[in-house]
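Given next are the chains, with one letter for each unit.
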Amino acid sequence: MNKAIITVVGKDTVGILAKTCTCLAENGVNILDISQTVRSDYFNMMMIVDVSRAVKPFADLGADLAAVGNTLGLQIKCQKAEIFEKMHRI
């Protein structure tokens with residue numbers, strides 16, 4: 001399994017989850033785990049996904065997600081799980 005971590009942060013608005021998940025589904029990405037919170041009108045979500053069957057290269061998937069974020073006024077980042085784990089190891 002080839003895992004990635006997706007983070008979504010920004011002002012809460014309608015359609016964040018739907019548009020993010022639609023982008024993932026269209027790219028053949030399976031969601032393994034998801035956590036989201038809304039506090040003081042700010043949306044925060046973290047997803048663990050399986051990109052083993054992604055139909056695009058990883059960099060293109062990240063660019064697609066960033067574009068979805070731009071349309072919603074959010075920041076969406078996608079990192080390979082092994083890099084994410086090493087960065088947050090302290």
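A brief structural summary. Computed from a prediction, not measured in an experiment: that's the story for all the values here.

Parameters at a glance
Residues numbered from 1 in each chain as written. Predicted model: local features only at pLDDT ≥ 70, side-chain atom pairs only at ≥ 80, totals over all residues. Heavy atoms only, no water. Pairing = 2+ DSSP bridges. Helix = DSSP H or I, 4+ residues; strand = E, 2+ residues; numbered from the N terminus. Axes fitted to C-alpha atoms, helices over the stretch in contact; angles between N-to-C directions. Contact = heavy atoms within 4.5 Å. Expected span 1.5 Å × (residues − 1). Buried < 20%, exposed > 50% of the residue type's maximum accessible area, 1.4 Å probe, protein only. Arc of directions from axis to C-beta.

1. Notes on the sheet that holds strand β1 (residues 3-11)
Line of reasoning, step 1. In spatial order, the strands read β2-β3-β1-β4; together these four strands make up an open sheet with antiparallel pairing. Looking at strand neighbours, the two that pair on one side only are β2 (30-39) and β4 (74-80), the edges of this open sheet. Taking each pair of neighbouring strands and ignoring which way they run, the sheet shows an average axis angle of 10 degrees.
Line of reasoning, step 2. Pairing of β1 with β4, which is carried by seven bridges, proceeds in the antiparallel orientation. Residue Val8 lies in a different strand from β4, and its bridge partner there is Ile76.
Line of reasoning, step 3. Strands β1, β2, β3 (42-50) and β4 of the sheet are contacted by helix α1 (residues 16-26), whose axis makes an angle of about 20 degrees with β3.

2. Brief notes about helix α2 (residues 58-72)
Line of reasoning, step 1. In a regular helix each residue adds 1.5 Å, so 15 residues correspond to 21 Å; α2 covers 22 Å between its end C-alpha atoms and thus fits that length.
Line of reasoning, step 2. Turning to α2, its buried residues are Leu61, Gly62, Leu65, Val68, Gly69 and Leu72. Each buried residue of α2 lies within a common arc of 120 degrees when the element is viewed along its axis, so the set occupies one face. Turned more than 90 degrees off the buried face of α2, the exposed positions are Ala59, Asn70 and Thr71.
Line of reasoning, step 3. Taken together, the buried residues of α2 touch β1, α1 and β4.
Line of reasoning, step 4. Just downstream of α2 lies Gly73, where phi reads positive at about 75 degrees.

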